[in-house]
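Listed below are the residues making up each chain.
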There are 2 protein chains.
Amino acid sequence: MRRVALVTGATGLIGRHTLAPLRDLGFEVHGLARLQADLRDPAQTRAALDAVRPTHILHCAWDVTHGRFWHAPENLDWVAATLRLGRLASACGVERFVGVGSCAEYDWTDGGTSARRETDPTRPATLYGLAKNATRELLAAALPPAGVSFAWGRVFDLFGAGEAPGRLVASLLASLRAGRPFVCRHGQLERDYMDVRDVGAALAHLTASDVAGPVNIASGKVVSLAALTTRAAALLDRPDLLTVETVPLATQPQTMRADVTRLRQDVGAPEPEDLWQRLAQLAGCLR
Amino acid sequence: MRRVALVTGATGLIGRHTLAPLRDLGFEVHGLARLQADLRDPAQTRAALDAVRPTHILHCAWDVTHGRFWHAPENLDWVAATLRLGRLASACGVERFVGVGSCAEYDWTDGGTSARRETDPTRPATLYGLAKNATRELLAAALPPAGVSFAWGRVFDLFGAGEAPGRLVASLLASLRAGRPFVCRHGQLERDYMDVRDVGAALAHLTASDVAGPVNIASGKVVSLAALTTRAAALLDRPDLLTVETVPLATQPQTMRADVTRLRQDVGAPEPEDLWQRLAQLAGCLR
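What you are looking at is a predicted structure, and each value in this text was computed from that prediction instead of being measured.

S.K.: Please explain the pattern of salt bridges as it appears in this structure.
M.R.: A side chain with one charge may pair with a side chain of the opposite charge, provided their charged atoms come close. Residue and element names in this part refer to chain A. Taken as a whole and assessed by the stated rule, the structure comprises 30 salt bridges over all chains. The shortest N-O distance in the salt bridge between Arg116 and Asp110 comes to 2.4 Å. Several salt bridges share partner residues, and in doing so they unite Glu105, Arg136 and Arg154 into one network.

Here's what the structure looks like:
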């Protein structure tokens, strides 16, 4: 049976890395980029769906402007746009809708003492987390009764080619390459990092599966920011430029780790590449 | 200082009863009815705001088609429309935005053993409750940082002139007047009922106040459905037509009562009229 995937946010950091894996999984793939259609405009959204007639939607589009998206009021526009896309999907005969959520939906007030499972309580601490969580709850309640299969990939930390210059790994590599010192202020924090190519592959597998509800998109392992930055400095042979501090940070959990049982066993997504291998590729030491 | 209120859903069951109380509180009042502007259309919403230039918005509009609104997918359209209205409000210099929420936002899984306070946990059991609760959380997080004061009236049970024919009190009165028997199946349930005129007055006072966050719109007292229907049958002198049963209903809490401390003390809304007096007026025995 012909399967046609529409990927929104197709030129965004995550979306662009879902296209090839979706093709490999047998989809006819249509990427929808910001410049082609503004999903905040109902008429443009409708026209895009009518043009492609997708059987599957992988909705990666959202405003994640680095440094402001956690509390930006534009999150409300993307809740509205995403709900509208979900409503149109059911009106247009779409079989499956997969949205991109976030580890920021979980309750981390315990500091992250255990790996988060998809059934664990949610309690977003930011407007972004609140917006993603509310969108998920509403679509999960509304789409299946309308005949649309629904899943939600909860993405944890990531790095990768094309990320915003202000993000940790991008700014670290840029500093080291330019011979500028770099201070990692909170080296004690542990995060579940994946390369964005592995994030894209996992979302493609989730789209191709029939697993319903939230699914963590992560590696299941954590790395400290100290280890991550130290490894990057070693790869670029500039350990002298890196200072690792361990300044306490009360507003952030010590550890953010995903339980990836659903992703591996139910979705059947492959293990991500070795993180240091990915970091080395990104640092340009291996191609 | 001139205060201009825009009331959405102004011809709806609740909205129409907010207009006179708002005028009495000193507002220049503009009602926006469904036929004037479709709030689900961004351009029409913008035009309505530009025409009125309100200082206050009381947003009563929502799709509450009797018999289907609890689980209707249209709830998603109204989340989107309400978030858009909130975003436009902050762009258009609106000082205060008051939304209409619902007792369906609360966690009632304990059966309603105590009166609900605004700080009690939420846990909606319906798509409608989920939609109202999500809208509230998002606007409460986004509007105050944008300089817009935000409040949310959580309306409990109500009856009144103009309600849908299928609702309890309307269908009861219609049956009794027509000489048809009426069966109250779940007479044991206790609900915090108000006449919609008192609901409208309470929302007008909430709009005129500067109280932030959720505020219960209710009487603080409960009446059993047995007592309510028995009183109505007595008022119409047709107790013979009424059968009160007490069939258990696992899907509904036994009691839904509001704590109205915030509404009375912080908002300063007046006590509602005596419920039996209001019921008698509605039954046409008093004018």
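S.K.: Whenever I open this one, the state of the cysteines confuses me. Can you help?
M.R.: Joining two cysteines, a disulfide is a covalent bond between their sulfur atoms. Residue and element names in this part refer to chain A. Evaluated as defined, the whole model comprises 0 disulfides over all chains. With no disulfide partner, Cys103 has as its closest neighbouring cysteine sulfur the one in Cys60, 16 Å distant. Here Cys184 stays free of any disulfide, with the sulfur of Cys103 as its closest cysteine sulfur at 18 Å.

S.K.: Is there a simple way to explain the relation of the copies chain A and chain B in this structure?
M.R.: The relation between the two copies of this chain is a rotation about an axis and a shift parallel to it. The two copies are related by a screw motion: chain A maps onto chain B through a turn of 180° and a shift of 0.0 Å along the axis, at an RMSD of 0.0 Å. Accordingly, the operation relating the two chain copies is best matched by a two-fold axis. Nearest to the rotation axis, the C-alpha of Ala80 of chain A is located 2.1 Å from it, this being the minimum over chain A. A share of 100% of the interface residues of chain A reappears at the interface of chain B, consistent with the copies meeting face to face through the same patch.

S.K.: Got a minute to help me understand the sheet that holds strand β8 (residues 190–191) of chain A in this structure?
M.R.: Strand pairs in the sheet, formed through backbone hydrogen bonds, run parallel or antiparallel to each other. Residue and element names in this part refer to chain A. Spatial ordering of the open sheet is given by β11-β8-β13, a layout of 3 strands whose pairing is mixed. Each having just a single partner strand, β11 (223–224) and β13 (255–256) make up the two edges of the open sheet. By the bridge criterion, 2 bridges tie β8 to β11 in an arrangement that is antiparallel. For Arg191, the partnering residue across the bridge sits in β11 and is Val223.

S.K.: How do you make sense of the confidence of the model for chain A when you look at a structure like this?
M.R.: The predicted coordinates should not be examined in detail at positions where pLDDT is low. With 99% of its residues at a pLDDT of 70 or more, chain A shows a mean pLDDT of 96. This prediction of the complex comes with two scores: 0.94 for pTM and 0.91 for ipTM.

S.K.: What is the right way to read the packing of helix α3 (residues 74–91) of chain B against helix α4 (residues 127–142) of chain B from this model?
M.R.: To characterise two packed helices, one gives the angle between the axes of the helices and the distance between these axes. Residue and element names in this part refer to chain B. As a packed pair, α3 and α4 sit with axes 9 Å apart at the nearest point and diverge in direction by 15°. Between α3 and α4, the angle is such that the two are roughly parallel. In this structure, the crossing between α3 and α4 has a hand that is right-handed. Between α3, through Asn75, Leu76, Val79, Thr82, Leu83 and Gly86, and α4, the contact on the second element is made entirely by Leu127, Tyr128, Ala131, Thr135, Leu138 and Leu139.

S.K.: Help me understand the packing of helix α3 (residues 74–91) of chain A against α3 of chain B, please; the structure alone is not making it clear to me.
M.R.: Direction vectors running N to C along α3 of chain A and α3 of chain B enclose 155°, while the axes themselves pass 9 Å from each other. Taken together, α3 of chain A and α3 of chain B sit at an angle that is classed as roughly antiparallel. Of the two possible hands of crossing, α3 of chain A and α3 of chain B adopt the one that is left-handed. Taken together, the residues of α3 of chain B that come into contact with α3 of chain A (itself represented by Glu74, Leu76, Asp77, Val79, Ala80, Leu83, Arg84 and Arg87 of chain A) are Glu74, Leu76, Asp77, Val79, Ala80, Leu83, Arg84 and Arg87 of chain B. Partitioning the contact of α3 of chain A with α3 of chain B into residue classes produces 8 nonpolar, no polar and 8 charged.

Rules used throughout
- Residues numbered from 1 in each chain as written.
- Chains lettered and ligands numbered in written order.
- Predicted model: local features only at pLDDT ≥ 70, side-chain atom pairs only at ≥ 80, totals over all residues.
- Heavy atoms only, no water.
- Salt bridge = Lys/Arg side-chain N within 4 Å of Asp/Glu carboxyl O.
- Disulfide = S-S within 2.5 Å.
- Least-squares fit on C-alpha atoms with pLDDT ≥ 70 in both.
- Contact = heavy atoms within 4.5 Å.
- Pairing = 2+ DSSP bridges.
- Helix = DSSP H or I, 4+ residues; strand = E, 2+ residues; numbered from the N terminus.
- pLDDT = per-residue confidence, 0-100.
- Axes fitted to C-alpha atoms, helices over the stretch in contact; angles between N-to-C directions.
- Parallel < 35°, antiparallel > 145°, perpendicular 65-115°, else oblique.
- Left-handed = near helix turned anticlockwise from the far one by under 90°.
- Nonpolar A, V, L, I, M, F, W, Y, C, P; charged D, E, K, R; others polar.

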